[in-house]
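Descriptive structure summary
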Amino acid sequence: MGMFLLWQDVSEIEKKIEAAPDSAYEIGLTIGTYLPFVVLVLVAYAFYYFSRKSRQD
């Protein structure tokens, strides 16, 4: 089910890129699509790092 939702989002992104007026819109769309995932990974790593560090002390 999760893969289906992910695939569905990718197809929507591809449609938006095809209809993009210029390359700057494509770049902004790509950054806006992947940025939330990158931020979530960084936050999760920060929680992991600080949790591990506090257990060692």
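Residues numbered from 1 in each chain as written. Predicted model: local features only at pLDDT ≥ 70, side-chain atom pairs only at ≥ 80, totals over all residues. Heavy atoms only, no water.

1. What about the overall build of the chain?
Within the chain one finds two helices and zero strands. Split into buried and exposed, the 57 residues of the chain put 5% on the buried side. Surface exposure of the chain reaches about 5300 Å², of which carbon and sulfur atoms provide 68%. (Helix = DSSP H or I, 4+ residues; strand = E, 2+ residues; numbered from the N terminus. Buried < 20%, exposed > 50% of the residue type's maximum accessible area, 1.4 Å probe, protein only. Areas by Shrake-Rupley, 256 points an atom, 1.4 Å probe, with all protein chains shown as cover.)

2. A short note on a nonpolar patch on the surface
A cluster of nonpolar side chains, namely Ile27, Ile31, Tyr34, Leu35, Phe37, Val38, Val39, Leu42, Val43 and Phe47, defines an oily patch on the protein surface of about 1000 Å² accessible area. Structurally, the position occupied by isoleucine 27 is in helix α2 (residues 23–56). (Patch = residues over 30% accessible without salt bridge, like charges linked within 9 Å, V, L, I, M, F, W, Y side chains within 5 Å. Salt bridge = Lys/Arg side-chain N within 4 Å of Asp/Glu carboxyl O.)

3. Observations concerning the packing of aromatic side chains
Under the defined criterion, the tally for this structure stands at three aromatic pairs. Pairing tyrosine 45 with tyrosine 48 gives two aromatic rings, centres 6.3 Å apart and planes at 45°, and the pair type is tilted. Note that tyrosine 45 and tyrosine 48 are positioned in helix α2 at a spacing of three residues, about one turn of the helix. Geometrically, the ring pair formed by tyrosine 49 and phenylalanine 50 is edge-to-face, given 5.4 Å between the ring centres and 70° between the ring planes. What makes phenylalanine 50 exposed here is its relative accessible area of 55%. Joined through ring pairs, the aromatic side chains of Tyr45, Tyr48, Tyr49 and Phe50 make up one cluster. (Phe/Tyr/Trp six-rings, centres within 6.5 Å; stacked < 30°, edge-to-face > 60°.)

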